[in-house]
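So you can see what is in the structure, the chains are spelled out below.
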Amino acid sequence: MTTKAGATAPVPTDAHRPAPWVRTRLRSAPVASLLTAVLTLLTVFLAVALPRAADRGADGALRQFVLDRGVNGTTLQAGVAPRPGEDGARLDALRDRLVEQITPNLPLTRDGENYGTRARIDRPMLNEGYDRPHGDAPVLSVLYLHGLAEHATLTEGVWPGPSAPGEPLPVVLSRAAAETVHAGIGDLVDNGGPARARIVGLYRADDPDDRFWEVLTCPERACLKIREDGSIRWVTSGFTGGENLSALAAWGEGGENFWRLPIDPHALRADRLAETRSALASYLSGPGSLKVAEVTDRPELQFSTFLTEVLAGATTRYEAAAPLAAIGPAGVAGVATVVLCLAAALAADRRATEVRLLRARGASRPGILLRLLGEGAVTVLPAAAVATALAMTLLPTPRWGAAVLAAVTATLLAVLAFPVRAVLPLGRARTAAGGNGRRRIVGELAVLAVTVAAVVEVRRRGLAPGTGTDPLLVTAPLLLALTGGLLLARVQPLVAGRLALLARHGRGLTGFLGLARATRDASGRHRPAVLAPLALLLAVSTAGFGTTVLATLDGVRLQAARTAVGGDAAVSVPLDATLPAAFTSAASAMPGVRASTAVRVEGQTYVLRSGRTALQVTLVVAEPTAYAEIARTTGAGTFDPAVLAGPHGGPDTPVPALISTGLAGELSDGPQRLRVPGGELLTGVAGRVDATPAIPDAVRAFVVVPAGPSVARVPALAGATSWLAAGDIDPGRLRSLVMERGLTEVTGVAGLLREEARAVSEDPDKVPAGYTVRTSGEVDAELAADPLQRSAARLFRSAVAAGAGFALLAVLMTLLRASPDRAGLLARLRTMGLRPRQGLALIITETIPQTLAAAVCGGVVAAAAVGLLGPAFDLSLLVGSEARGSLTPLLMPVLLPTAGLALLICAGVVLEAFVSGRRQIATELRAGDRPTE
């Protein structure tokens, strides 16, 4: 066909156009593309979810830790002397200025906020007819409190109004306090001075547990206050109006304006503790305090708070728990990396012929790399975006930096792993096997050196202060696992080869062939395989290490609870009270009691020293055998009861005694004379102990003597002030027994405390104030309820489950990678008479030894990591109480996760071999078949 000059020939509409590369490749292997997307979705989701879960747990633990300290522990308190003519409106304006200045730097909340003016001193209520326990008049604290009417309901009378000069100060009392003190509306309260107050109304607190009342002096009722001299009196608060501040100052010989501004615990963040503490310090003594003085025109205004110590404690605990919370996710990250590399190797092996063909036809390495990158991006990026969005939606938290960084890292690894693995071998020059071996040895020695250096540094310095998640402490277990994996890769083929030689002489070839193939990697070459064993080893070692830490914490926490209680159960009484003999007998007969004793703790005891000042000590009188068993249970002051079973003679025979270690240097040789209430006691030093259960937090030297001879010589020591026991004791039953038989002989202060407890509580089994019933189980539960520990444990267990899943996936991928070669071998063996059951046994013999070896090596690495890195963990900070003991290897915490993961992987291997083995063999046997026309 011809055309005119300059004309263009028409292009046929059916001309061939190259198909798009990415679309063609995705259509050719849709299952592989789908599996890649699913793997990416799971990996990126975990990469984003784990750090966000850690952040949420740390923030929640911080909030709970601060809330548990109450308003008084989380409040900025300011006080300043009032100026003449001030009223409630002026205090409101000053409050608004304070809040406006502080809020941009520290989060404040109205929950628990109060402010006003209080009398400088509390005054007695000297009216005749008012209740006077022990002859002491009740005490009234008078305040003006902003917002009182919003938190209380007037039940009788009126709210205080303005008072004229010279008139009594109008106040309102709570109805409960008025009934306790026997006061009424219209009473003119006499305080012994010229100022007077008149009760004009009674109110009822709408919610006595509201944080608004928390820092006030018994505003909703009258409370018993025991002074150091033993006197006891009722105390309560009365309130007046904001127009009566001058009269209030006259009543209390002066006044003080106060503002209590609580920090909002829900706005605190664990990652900003340093900034919060810095801002807080600024308002205590820094630029913030100067700014506050400027905006309020009160240079003398000063802030005080306990929040500094609270935040310091929270920071310390956060830094102590951070490594435990990070070890689990770090282990998952390592296993997930191995899985992605295995997936890339599997895909590269499947498409190795295609890539070599493209290279042979002239394609450049960068061109092939770009095509594979585009193909991977279409599959990986949408899945990664969905996973990131899903994790951020399900786990909301204001911090996103670490999560986004983890998502980007996981996505890049998923995108780059296959292209790099497929293209990199194209540019390698074929080198001698010896050169490759030498480079590998150098690399493994470098890993070993880094691991040793990391472990030595962690043991030398422990937890790095002020770092939160100490990178070295987190990566050291992973380095140990990596070193163990490399060592396993070297040793396992040698052991399997030796076993194969031994199996060669046995009957049948199944064992020999399986063990012989176990000495090869997935591609069939005689070199150690690393990735698959490393994945399982990482999962097992991480699980074993973390489980050991958690199990040790459980044991240490229980021991700390026993030390704090003084045994498994303890009952103590207030001043002027003793435990009846009927109670101690009934309590000792309770089910579960293994050992128990009534104990007399006498603080007014003095060691008489010739020519020197008497030394005050604490005397403990107890039955030796039971007390020794309780000491053994608590681990505090363990001793042999035989040392207190000395001669029991007359008054001149010393009673055997245990003394505290610090007291030994203060005593002279020979018997010691103790002056106790009701007489003197001659003792002889029979031993020394560092602590004793009856006074676990003793700050004073102590002496322990046996009950029998001591009571015989000083009958005043017969009354028991506490009861200690060891065993499995029901706390509810113990409290009921205290209410039934432990309070029958109370008098004086104890009786008043009992009646007060009954008046303010509707619970008939509520133990009165001053009485204490504690069990180690309850204290252990309180310590275990710490949200920081629960968050770290929950995150770790989630990480262990994810790591186990990835480890199983890694092993299955290894089987899948070796399946073509294995299927061909089994097909050939089938033609020579191999039965199906023998083929399954061959697959299991080939794979199970590697799995078991990796699991066992992981358990050994976990135990080694605990032994090497255990001293770096501060168990006291993790437990939340003073704890004895350290992190040491334990058998069951390592054995259980090791056996569990090994069984899981072995079950997966058997299932994969059973399901896919026959199908692959059948496919190989039909390789030459052609369908009939």
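Residues numbered from 1 in each chain as written. Predicted model: local features only at pLDDT ≥ 70, side-chain atom pairs only at ≥ 80, totals over all residues. Heavy atoms only, no water.

**What to know about the overall build of the chain**
Here is step 1 of the chain: A tally of helices and strands in the chain yields 27 helices and 21 strands.
Here is step 2 of the chain: When the 933 residues of the chain are sorted by exposure, 48% land in the buried category.
Here is step 3 of the chain: Counting contacts in the chain only where the partners sit at least 6 residues apart, residues at least 24 apart contribute 81% of the total.
Here is step 4 of the chain: Surface exposure of the chain reaches about 43900 Å², of which carbon and sulfur atoms provide 59%. (Helix = DSSP H or I, 4+ residues; strand = E, 2+ residues; numbered from the N terminus. Buried < 20%, exposed > 50% of the residue type's maximum accessible area, 1.4 Å probe, protein only. Contact = heavy atoms within 4.5 Å. Areas by Shrake-Rupley, 256 points an atom, 1.4 Å probe, with all protein chains shown as cover.)

**Notes on the state of the cysteines**
Here is step 1 of the chain: Tallied over the full model, the rule gives 1 disulfide.
Here is step 2 of the chain: Two residues share a disulfide in this structure: Cys218 and Cys223, whose sulfurs sit 2.0 Å from each other. An S-S torsion of about -120° defines the bridge between Cys218 and Cys223 as left-handed.
Here is step 3 of the chain: Residue Cys218 is classed as buried on the basis of its relative accessible area, which comes to 14%.
Here is step 4 of the chain: Residue class for Cys223 comes out buried when judged on its relative accessible area of 11%. (Disulfide = S-S within 2.5 Å.)

**Looking at the packing of aromatic side chains**
Here is step 1 of the chain: Evaluated as defined, the whole model comprises 6 aromatic pairs.
Here is step 2 of the chain: Judged by centre distance (6.3 Å) and plane angle (5°), the ring pair of Tyr203 and Trp213 falls under stacked. Residue Tyr203 is found in strand β8 (residues 196–205), and its partner Trp213 is found in the loop between β8 and β9 (223–226); the two are separated by 10 residues along the sequence.
Here is step 3 of the chain: Overall, Tyr203 belongs to the buried group, its relative accessible area being 1%.
Here is step 4 of the chain: Between Tyr627 and Phe639 the ring centres are 6.2 Å apart and the planes differ by 45°, which places this aromatic pair in the tilted class. (Phe/Tyr/Trp six-rings, centres within 6.5 Å; stacked < 30°, edge-to-face > 60°.)

**Comments concerning the nonpolar core**
The nonpolar side chains of a soluble globular protein tend to be buried, and buried together.
Here is step 1 of the chain: Ranked by internal contacts, the top residues of the largest apolar core, which has 91 residues, are Tyr627, Phe639 and Phe806.
Here is step 2 of the chain: When sequence neighbours within four positions are dropped, the list of residues in contact with Phe806 reads Leu39, Thr43, Leu46, Val332, Val335, Ala336 and Val339.
Here is step 3 of the chain: Grouped together as the second largest cluster of nonpolar side chains are 54 residues, Tyr130, Leu140, Ile199 and Leu261 included. (Core = buried A, V, L, I, M, F, W, Y, C linked by side-chain atoms within 4.5 Å.)

**A short note on the pattern of salt bridges**
Here is step 1 of the chain: The full count for this structure, using the stated rule, is 26 salt bridges.
Here is step 2 of the chain: Two residues, Asp271 and Arg399, come together in a salt bridge whose shortest N-O distance is 2.8 Å. One end of the pair, Asp271, is in the loop between β11 (255–262) and α8 (273–285); the other, Arg399, is in the loop between α12 (365–394) and α13 (401–423), and 128 residues separate them in sequence.
Here is step 3 of the chain: The exposure class of Arg399 is buried, given its relative accessible area of 10%.
Here is step 4 of the chain: The partner of Arg557 in a salt bridge is Asp554, with the nearest N and O atoms 2.5 Å apart. Of the two residues, Arg557 and Asp554 are both situated in helix α17 (residues 531–565); the distance of 3 residues between them amounts to about one turn of the helix.
Here is step 5 of the chain: Judged by relative accessible area, which is 8%, Arg557 ranks as buried.
Here is step 6 of the chain: Here the salt bridges share partners, and the residues they tie into one network are Asp55, Asp59, Arg269, Asp271 and Arg399. (Salt bridge = Lys/Arg side-chain N within 4 Å of Asp/Glu carboxyl O.)

**As for the packing of α8 against helix α9 (residues 287–296)**
Here is step 1 of the chain: Direction vectors running N to C along α8 and α9 enclose 50°, while the axes themselves pass 4 Å from each other. As summarised for this structure, α8 and α9 are arranged oblique, according to the angle between their axes. Between α8 and α9 lies a crossing whose hand is right-handed. Across from Ser282, Tyr283, Leu284 and Ser285 in α8, the residues of α9 making contact are Pro287, Gly288, Ser289 and Val292.
Here is step 2 of the chain: Here the residues of the contact of α8 with α9 are counted per class, giving 4 nonpolar, 4 polar and no charged. (Axes fitted to C-alpha atoms, helices over the stretch in contact; angles between N-to-C directions. Parallel < 35°, antiparallel > 145°, perpendicular 65-115°, else oblique. Left-handed = near helix turned anticlockwise from the far one by under 90°. Nonpolar A, V, L, I, M, F, W, Y, C, P; charged D, E, K, R; others polar.)

**Things to note about the packing of α17 against helix α23 (residues 776–784)**
Here is step 1 of the chain: For the pair α17 and α23, the least separation of the axes is 8 Å and the interaxial angle reads 125°. Here α17 lies oblique to α23, going by the angle between them. For the crossing formed where α17 meets α23, the hand is right-handed. Here Arg557, Leu558, Ala561, Arg562 and Val565 of α17 lie close against α23, whose contacting residues are Ser776, Val779, Asp780, Leu783 and Ala784.

**Examining helix α4 (residues 88–102)**
Here is step 1 of the chain: For α4, spanning 15 residues, the distance from its first C-alpha to its last is 21 Å, which sits close to the expected 21 Å at 1.5 Å a residue.
Here is step 2 of the chain: Residues of α4 that are buried: Gly88, Leu91, Leu94, Arg95, Leu98, Val99, Gln101 and Ile102. Buried positions in α4, seen along its axis, are confined to an arc of 160° and lie on one side of it. For α4, exposure combined with an orientation more than 90 degrees from the buried face picks out Ala89 and Glu100. (Expected span 1.5 Å × (residues − 1). Arc of directions from axis to C-beta.)

**Some words on the pairing of strand β18 (residues 679–689)**
Here is step 1 of the chain: Sheet analysis places strand β16 (residues 655–660) next to β18, joined by 6 bridges and oriented parallel. If you follow Leu658 over to β18, its bridge partner there is Gly687.
Here is step 2 of the chain: By the bridge criterion, 5 bridges tie strand β17 (residues 672–676) to β18 in an arrangement that is antiparallel. Note on β18: the bridge partner recorded for Arg673 is Leu682.
Here is step 3 of the chain: What sits between the antiparallel neighbours β17 and β18 is a turn of 2 residues, in which Gly678 has the positive phi angle 100°. (Pairing = 2+ DSSP bridges.)

**Quick word on a nonpolar patch on the surface**
Here is step 1 of the chain: Together, Val408, Leu412, Leu416, Val420 and Leu424 make up an exposed nonpolar region whose accessible area comes to about 400 Å².
Here is step 2 of the chain: Relative to the helices and strands, Val408 is located in helix α13.
Here is step 3 of the chain: By relative accessible area, Val408 is classed as partly exposed at 42%. (Patch = residues over 30% accessible without salt bridge, like charges linked within 9 Å, V, L, I, M, F, W, Y side chains within 5 Å.)

**Examining the confidence of the model for the chain**
Here is step 1 of the chain: Mean pLDDT for the chain: 80, with 81% of residues reaching 70 or above.
Here is step 2 of the chain: Within the model, the stretch residues 429–433 combines pLDDT values under 50 with 2 contacts to residues more than four positions away or in other chains. (pLDDT = per-residue confidence, 0-100.)

**Observations regarding unusual backbone geometry**
Here is step 1 of the chain: You will see that His182, though not glycine, has its phi angle at about 75°, which is positive.
Here is step 2 of the chain: Looking at the element boundaries, His182 is found in the loop between α6 (175–181) and β7 (188–190).
Here is step 3 of the chain: The phi torsion at Asp297 lies on the positive side, around 55°, for a residue other than glycine.
Here is step 4 of the chain: Secondary-structure assignment places Asp297 in the loop between α9 and β12 (302–304).

**Structural notes on the environment of Ala149**
Here is step 1 of the chain: Its location among the elements puts Ala149 in helix α5 (residues 148–151).
Here is step 2 of the chain: What makes Ala149 partly exposed here is its relative accessible area of 49%.

**Considerations on α17**
Here is step 1 of the chain: An ideal rise of 1.5 Å per residue puts 51 Å on 35 residues; α17 measures up with 51 Å between its terminal C-alpha atoms.
Here is step 2 of the chain: Counting buried positions over the 35 residues of α17 gives 26, a clear majority of the element.
Here is step 3 of the chain: One or two residues past the end of α17 sits Gly566, with phi positive at roughly 95°.

**A few points about the environment of Leu783**
Here is step 1 of the chain: Locating Leu783 in the fold gives a position in helix α23.
Here is step 2 of the chain: Spatially, the C-alpha atom of Leu783 lies 6.7 Å from that of Val879, the residues being 96 residues apart in sequence.

**Here we look at the side chain of Ser791**
Here is step 1 of the chain: Looking at the element boundaries, Ser791 is found in helix α24 (residues 787–831).
Here is step 2 of the chain: When sequence neighbours within four positions are dropped, the list of residues in contact with Ser791 reads Gly57 and Ala58.

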